[in-house]
Amino acid sequence: MNKSFNLSDWVRPNIQELSAYTSARDQYSQGVLLDANELGLGPALSQPTSHTKQLHRYPDPYQRALRSAIADLRGVDADQVFTGNGSDEAIDLLIRIFCEPAKHHILVTPPTYGMYKVSARIHNVSVDEAPLNSDLSLDVDQTLAKIHPDTRIIFLCSPNNPTGNTLDSKAIEQVVEQFSGIVVVDEAYIDFSEQQSLSHLLSSYPNLVILQTLSKSFGLAGIRLGIALASAEIIAYFDKIKPPYNINALSAQVALEAVLQPELMQQKVQQILEERAYVQSRIERLQALLIQNPSPVLATHIQKIYPSEANFLLVRFEQALAIQKALAEKGVIVRYRGNELHCADTLRISIGNRMENNAFFESLIEVLGWDGPARKEIWEQLDLQKASVADSEQASGFEQTSNSEQASVSEQVSGFEQPSDSEQSSPRTARIERQTSETSILIELNLDGTGQHNISTGLAFFDHMLEQIARHGLIDLNISCTGDLHIDEHHTIEDVGIALGQALSMAFGDKRGIERYGFVLPMDEAQATVALDLSGRPYLVFETEFSRNYVGDLPTDMIEHFFYSLAMHMKATLQISARASNDHHKIEACFKGLARTLKQAVEHNPRIAGQIPSSKGQL
Ligand code: PMP
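In this text the structure is predicted, and so the values were computed from the model without any measurement. (Residues numbered from 1 in each chain as written. Predicted model: local features only at pLDDT ≥ 70, side-chain atom pairs only at ≥ 80, totals over all residues. Heavy atoms only, no water.)

## Observations regarding the site of the ligand
This is how the line gets drawn: Throughout, the term near means that a residue has one or more heavy atoms lying within 4 Å of the molecule or strand in question. Two N or O atoms count as a polar contact when they lie within 3.5 Å, although within protein this holds only if one can serve as hydrogen donor and the other as acceptor, and sequence-adjacent residues are included solely when both atoms are side-chain atoms. In this description, accessible areas are obtained by the Shrake-Rupley approach with a 1.4 Å probe, and a residue is regarded as covered only by the protein chains that are shown. Using protein atoms alone on a 1 Å grid, points that fit a 1.4 Å probe yet trap it form a cavity, whereas open point sets bounded by protein on both sides within 12 Å along at least five of seven lines form a pocket; residues with an atom within 4 Å of a point count as lining. For a cavity or pocket, the test is whether more than half of a molecule's atoms lie within 2 Å of its grid points; if they do, the molecule sits there. Three classes are used, and their members are as follows: Ala, Val, Leu, Ile, Met, Phe, Trp, Tyr, Cys and Pro are nonpolar, Asp, Glu, Lys and Arg are charged, and the others, Gly among them, are polar.
Neighbouring the ligand are 13 residues; Ser-87, Asp-186, Tyr-189, Thr-213 and Ser-215 lie closest to it. At 2.7 Å from an oxygen atom of the ligand is found a side-chain nitrogen or oxygen belonging to Tyr-189. In the model, a nitrogen atom of the ligand is placed 3.0 Å from a nitrogen or oxygen of the Lys-216 side chain. In the complex, the protein chains occlude 91% of the 400 Å² of accessible area that the ligand would expose alone. Structurally, the ligand is housed in the second largest pocket. Residues that form the shell around the ligand fall into these classes: 4 nonpolar, 5 polar and 4 charged.

## Quick word on the sheet that holds strand β5 (residues 182–186)
Inclusion rule: If DSSP finds at least two bridges between two strands, the strands pair. Helix numbering and strand numbering both begin at the N terminus, where a helix is a DSSP run of H or I of at least 4 residues and a strand a DSSP run of E of at least 2. Helix axes use the C-alpha atoms of the stretch in contact, all axes being lines fitted to C-alpha atoms, and the angles between their N-to-C directions lie in the range 0 to 180 degrees. By definition, residues are in contact when any of their heavy atoms lie within 4.5 Å.
Overall, mixed pairing links the 7 strands, which are arranged β1-β7-β6-β5-β4-β2-β3 in an open sheet. Among the strands making up the open sheet, the edge pair consists of β1 (81–84) and β3 (126–129). Each strand of the sheet is rotated relative to its neighbour by a mean of 25 degrees, with strand direction disregarded. The pairing of strand β2 (residues 105–108) with β3 spans 4 bridges and is parallel. Considered in β3, the bridge of Ile-106 is made with Val-127. Against the sheet, helix α4 (residues 115–122) makes contact with β2, β3, β4 (151–157) and β5, and its axis sits at roughly 150 degrees relative to β3, the strand it touches most. Sheet contacts for helix α7 (residues 232–241): β1, β5, β6 (208–213) and β7 (226–229); angle to β1, the most-contacted strand, approximately 30 degrees.

## What to know about the side chain of Thr-143
Mapped onto the elements, Thr-143 comes out in helix α5 (residues 140–145). The residues contacting Thr-143, other than those within four sequence positions of it, are Leu-107, Thr-109, Ala-130, Leu-138 and Ile-154.

## Some words on the environment of Trp-379
Selection rule: Whether a residue is buried, partly exposed or exposed follows from its accessible area with a 1.4 Å probe, protein chains only, as a fraction of its type maximum: under 20%, in between, or over 50%, in that order.
Inspection of the secondary structure assignment puts Trp-379 in helix α12 (residues 372–382). With relative accessibility at 12%, the residue Trp-379 sits in the buried group. Trp-379 has contacts with Glu-362, Ile-365, Leu-384, Thr-482, Gly-483 and His-486, leaving out every residue within four places of it along the chain.

## Some words on the confidence of the model for the chain
So the rule is basically this: What pLDDT conveys is the predictor's confidence in a given residue, as a value from 0 to 100.
Looking at the chain as a whole, the pLDDT averages 90, with 93% of positions reaching at least 70. Per-residue pLDDT stays below 50 along residues 392–425; that stretch engages in 81 contacts with residues further than four places along the chain or on separate chains.

## Section: the layout of surface pockets
Counted only if it meets this: Grid points are joined across faces, edges and corners, and a volume is the space filled by probe spheres set on the points. An automatic or database domain assignment provides the domain bounds reported here.
Its boundaries defined by the atoms lining it, the second largest pocket holds a volume of some 660 Å³. If you trace the second largest pocket, you find 34 residues lining it, with Tyr-113, Gly-114, Asn-161, Tyr-189 and Arg-348 closest to the centre. Contributions of two or more residues to the lining of the second largest pocket are made by α3 (87–98), α4 and β11 (346–350). Considering only residue class, the lining of the second largest pocket consists of 14 nonpolar, 10 polar and 10 charged. Counting contributing residues per domain, the lining of the second largest pocket is built from domain 2 (62–260) and domain 3 (264–385), each supplying no fewer than three.

## What to know about the packing of aromatic side chains
Test applied: Only rings of Phe, Tyr and Trp enter the pairing, Trp through its six-membered ring, and a pair is recorded when the two centres are within 6.5 Å. The plane angle decides the type: under 30 degrees is stacked, over 60 is edge-to-face, the rest tilted.
Scanning the entire structure with this criterion turns up 12 aromatic pairs. Pairing Phe-462 with Phe-562 gives two aromatic rings, centres 5.3 Å apart and planes at 85 degrees, and the pair type is edge-to-face. Placement of the pair is Phe-462 in helix α14 (residues 460–473) and Phe-562 in helix α16 (residues 557–570), with a sequence separation of 100 residues. For the pair Phe-462 and Phe-562, a shared accessibility class is recorded, and that class is buried. Measuring from centroid to centroid gives 5.4 Å for Phe-562 and Phe-563, while their planes differ by 65 degrees, and the two rings are edge-to-face. According to the relative accessible area criterion, Phe-563 is buried, its value standing at 0%. Linked through ring pairs, Phe-462, Phe-542, Phe-562, Phe-563 and Phe-591 together constitute an aromatic cluster.

This is how it looks when you write it as structure tokens:
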């Protein structure tokens, strides 16, 4: 136990002497508030909601309700909790409180989180290093040996970023006990770990500071809410020097809501742990497969999967940097950590939802470039499995409203603006989940979107064409398809056509007030004429020929088949004719033409609002 700690020996004298800024809301937060030059008329928003109507007031500078909820959750007193704009703010404030620029040092244990060093350097504070052992454990003797009279703070990270392992709690305690300055234990990932938080040591060690965050296990990185737990005296220094209203009212509200329901966080953590096991087992299978079946394009092997107690895995690949870049070109972003000590050739892979995790493996298999039977074998051995419907709903925030043929229409489409036109009886959005033994497809769309899209079918040229539908049709469109591409492209293209047709048909709803017909005019040398009638009577006329068998990875004989599948399931008459000297242009003109006609046909016309545009009274 550290008994000899005297805080005033460690806090910079100017901070001790500082008279803190006192803000208007320090003393009064209720009454007729004419003390803070706020706008008494309320926020200049058209329709203030319960969340926004008080936003003309400055927030509570100390987020008392939130801190008290955090204290209850973490088993400390409310005056032992500081809330910051991310734990990055807490790191920055720690250096300001304890380190004299151009004089004092901090000590870090590489490989570790980079912000300790960056924050110190911003303040012109030197950084000493006591590397972790090669097995990534804390080298207590070396860490203590690196301490000198100007060492003020030791930063330890457990579970550690980027390696994912925890540091032994007894080893940490030895450092806390033997160093008379400040020891910070960053527990950003603690909820994913089997190890207990060290917050119970706070009552024994007045020099201990624990950092936590809502960015990881609570899934709230966007609100920027970090936490420091420490003695009430240290917390008072945080509060003395922080910007007066460092946490905005919206973030505080959302954070409070989350902290009061920790069981939701625990459920998400459980799901991520299952996903981590899923990803890890597939990486292990790939590791074995690469030995029997070397990649034809990249001389790579998986050399190590670092045991993780966090929501990421660190994996050592030969050629890690080349793999990271190739994955990024396919839209899958992982972090290269090969420049960190003990982490040569590593990629840090965050654990995503099942669709994202599968997308990682699909892209990785493409990057590794197996063909023919080898590719088929890899696919079979990896055994990528779709998420259960419940999981994917949870991941995307969708709610199901009805079911047909394993498909569902969604009322609540995450990230998609709902149409504002009050004439529209229901939102023109759809969600289709379609599974067969050949393909697994998820489509989300919003006819009244702006063209946002996220499309991944495993066929790059097909993706590029489907993007045209989103962009030129102003349709928000997410398509994710995992298909049996090791056999060929047929099922993927056909089934995306079917599912997209179904999704469009659902989103059309009863077609009241829409234009119904669409057509486009020729475009430059690539002339595509596309005519559409949302008639309810499926029909395709497709008049064009291709001189090449493939454009990119898309077989040209599948183009007509795609439009056929789409027209049948969209229940529309679709007529396309195209000519161009170049097949790429020809196909692109067909997709863009389709997008434009679709945009015209689904357009709401206020002059026929509420009417079915057919003399039959139904379409
Ligand atoms: N500590 C560690 C170990 C981290 O990995 C991160 C973010 N990656 C942070 C702190 C910062 O988190 P926050 O979002 O709370 O600023």
